[in-house]
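Coordinate inspection notes
Residue strings, one per chain:
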Amino acid sequence: MTKSAKKLPRYRRVSNPPAMRLTERDKKIFEAIHAYDGMMGFSQIKRMFFTGESQAKERLKLLYQHKYLNLPNKEQRRRVPEMIYWLDKRGAEIVASIYSTPLKEFSWRQQPRWFQVDHDLAVNNFRLDMEEACRMNNLISLESWTPESKFWSYPDKITYKYQERKLERNIRPDGFFMLSTPGHHIRYLLEIDRSTEDNPRFYREKILPGLAYIKTKNYENRFGHRSGRWLVVTTGERWLRNMLKQAKNAEAKGQFYFTTFDQVNPATILHAPIWQREDREETVQLVFLDEDLL
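Residues numbered from 1 in each chain as written. Predicted model: local features only at pLDDT ≥ 70, side-chain atom pairs only at ≥ 80, totals over all residues. Heavy atoms only, no water.

Below, the discussion takes up helix 4 (residues 53–65). Taking 1.5 Å of rise per residue, the 13 residues of helix 4 would be expected to cover 18 Å, and the 18 Å separating its terminal C-alpha atoms lies within 8% of that figure. Looking only at helix 4, the buried set comprises Ala56, Glu58, Arg59, Leu60, Lys61, Leu62, Leu63, Tyr64 and Gln65. Downstream of helix 4 by a residue or two, lysine 67 has a phi angle that is positive, lying close to 65 degrees. (Helix = DSSP H or I, 4+ residues; strand = E, 2+ residues; numbered from the N terminus. Expected span 1.5 Å × (residues − 1). Buried < 20%, exposed > 50% of the residue type's maximum accessible area, 1.4 Å probe, protein only.)

See below:
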């Protein structure tokens, strides 16, 4: 990396940035940011594409200076847990060309959702952990991932009962993904809960509609089957116990799995007993494989 590149300002663009050649890795970075719902943190990009921190910082700095990526200003940076990046116009043009889509028809996130950056980073981290866990196991593959933005653009509206009343709700999970194992396809809907207080409405607003959704024709049309499990990752044991109690009241029958952020990593997410269900006393693992296949 040249000296002039290292001296570039962090939060403002210069009129004549150092020359650079766009690489295949750069294009993959743009594509990943778009796939991860339009925004990624520095640690997440580094995890995917770089081995060294200074190398990552300097390359991302150049991509910002050349208007492929955007980043927060100083004031915005104070309000987010780490440096974040999203596509600028030139980066969006690259991704649009990969998909053979004219830029005017290409939908891309032009600003982060500032009110929930922490939440979106947590979703990304879960997804990265899941992808890494699947790479570590040659019998399990991550077949698809539908990000939250797709559910906001095209929500499924469902009707469900609460205290003898009919309620309607648009279902917008934080992600949907499918795992393939020998002989099985397992569908999961993700709920990232960063609450710091008990949520008595979780029963009415998440569990009951979540259970109803999996039984609907809309769900089957969208995902090919009327089966699935909700995965809820929350901040601590107190909130987890409260959610378990609400799932038990709803007779969730093992369709909701709960764990806490501190227990999730690539080594535990699939096969360690870190998940809790309302119908089991013991903690369970997410995926069971036939021992003959191991």
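From this point, the narrative continues.
Contact pair helix 2 (residues 24–35) / helix 3 (residues 42–49): the axes reach a minimum separation of 11 Å and the direction vectors enclose 130 degrees. It follows from the interaxial angle that helix 2 and helix 3 lie oblique. Regarding helix 2 and helix 3, the two cross each other, and that crossing is right-handed. Contact with helix 2, carried on its side by Arg25, Lys28, Ile29, Ala32 and Ile33, involves Ile45, Met48 and Phe49 of helix 3 and no other residues of that element. (Axes fitted to C-alpha atoms, helices over the stretch in contact; angles between N-to-C directions. Parallel < 35°, antiparallel > 145°, perpendicular 65-115°, else oblique. Left-handed = near helix turned anticlockwise from the far one by under 90°. Contact = heavy atoms within 4.5 Å.)

What follows concerns unusual backbone geometry. Even without glycine at this site, glutamine 163 takes up a positive phi of about 50 degrees. Checked against the element boundaries, glutamine 163 lands in the loop between strand 5 (156–162) and strand 6 (165–171). At lysine 253, a residue that is not glycine, the phi angle is positive and equals roughly 55 degrees.

Next up on the list: the sheet that holds strand 3 (residues 84–87). Sheet architecture is open: three strands sit in the order 1-3-2, paired in antiparallel fashion. Edge positions in the sheet fall to strand 1 (40–41) and strand 2 (69–70), since each of these pairs with one other strand and no more. Here two bridges tie strand 1 to strand 3, and the two strands are oriented antiparallel to one another. Considered in strand 3, the bridge of glycine 41 is made with isoleucine 84. (Pairing = 2+ DSSP bridges.)

Another aspect to go through is the side chain of aspartate 174. When you line up the elements, aspartate 174 lands in the loop between strand 6 and strand 7 (175–181). Buried within the structure, aspartate 174 lacks any salt-bridge partner; arginine 113 is the closest side chain of opposite charge, at an N-O distance of 6.3 Å. In this structure the side chain of aspartate 174 is engaged in a polar contact, spanning 2.7 Å, whose partner is the backbone nitrogen of isoleucine 192. When residues no more than four places from it in sequence are discounted, the contact partners of aspartate 174 are His119, Val123, Glu148, Leu190, Glu191 and Ile192. (Lys, Arg positive; Asp, Glu negative; His and termini not counted. Salt bridge = Lys/Arg side-chain N within 4 Å of Asp/Glu carboxyl O. Polar contact = N/O pair within 3.5 Å; in protein donor to acceptor, adjacent residues only side chain to side chain.)

The full count for this structure, using the stated rule, is 23 salt bridges. Look at the salt bridges and you will find they share partners, linking Arg47, Asp129 and Glu132 into a network.

The next subject is the pairing of strand 9 (residues 229–234). Along strand 9, five of the six residues are buried, which leaves the element largely enclosed by surrounding structure. Here strand 8 (residues 184–192) pairs with strand 9 via five bridges, running parallel. When the sheet's bridge partners are listed, isoleucine 192 is paired in strand 9 with valine 233. Pairing of strand 9 with strand 10 (residues 256–260), which is carried by five bridges, proceeds in the parallel orientation. Residue pairing across strands places tryptophan 230 opposite phenylalanine 256, the latter belonging to strand 10.

For helix 6 (residues 89–98), the complete set of buried residues consists of Gly91, Ala92, Ile94, Val95 and Ala96. Next to the buried residues of helix 6 lie helix 2 and strand 3. Downstream of helix 6 by one or two residues, serine 100 has phi in the positive range, about 55 degrees.

Of note, proline 209 is situated in helix 9 (residues 202–214). In this view, proline 209 contacts Ile158, Tyr160, Arg169, Ile171, Tyr203 and Arg204; residues no more than four positions away in its chain are not counted.

Time to look at the packing of helix 3 against helix 4. Two numbers describe how helix 3 lies on helix 4: the axes approach to 10 Å, and their chain directions differ by 110 degrees. Judged on the interaxial angle alone, helix 4 and helix 3 are roughly perpendicular. The handedness of the crossing between helix 3 and helix 4 comes out as right-handed. Residues Phe42, Ile45 and Lys46 of helix 3 pack against Glu53, Ala56, Lys57 and Leu60 of helix 4. Along the lines of polarity and charge, the residues of the contact of helix 3 with helix 4 split into four nonpolar, no polar and three charged. (Nonpolar A, V, L, I, M, F, W, Y, C, P; charged D, E, K, R; others polar.)

Strand order in the open sheet made by the five strands is 4-7-8-9-10, with mixed pairing throughout. The open sheet terminates on both sides in strands that have one partner only, identified here as strand 4 (141–147) and strand 10. The mean inter-strand angle of the sheet, taken between neighbouring strand axes irrespective of direction, is 25 degrees. Running at roughly 165 degrees to strand 4, helix 7 (residues 117–135) makes contact with strand 4, strand 7, strand 8 and strand 9 of the sheet. Helix 11 (residues 237–249) contacts strand 9 and strand 10 of the sheet and is inclined by roughly 170 degrees relative to strand 10.

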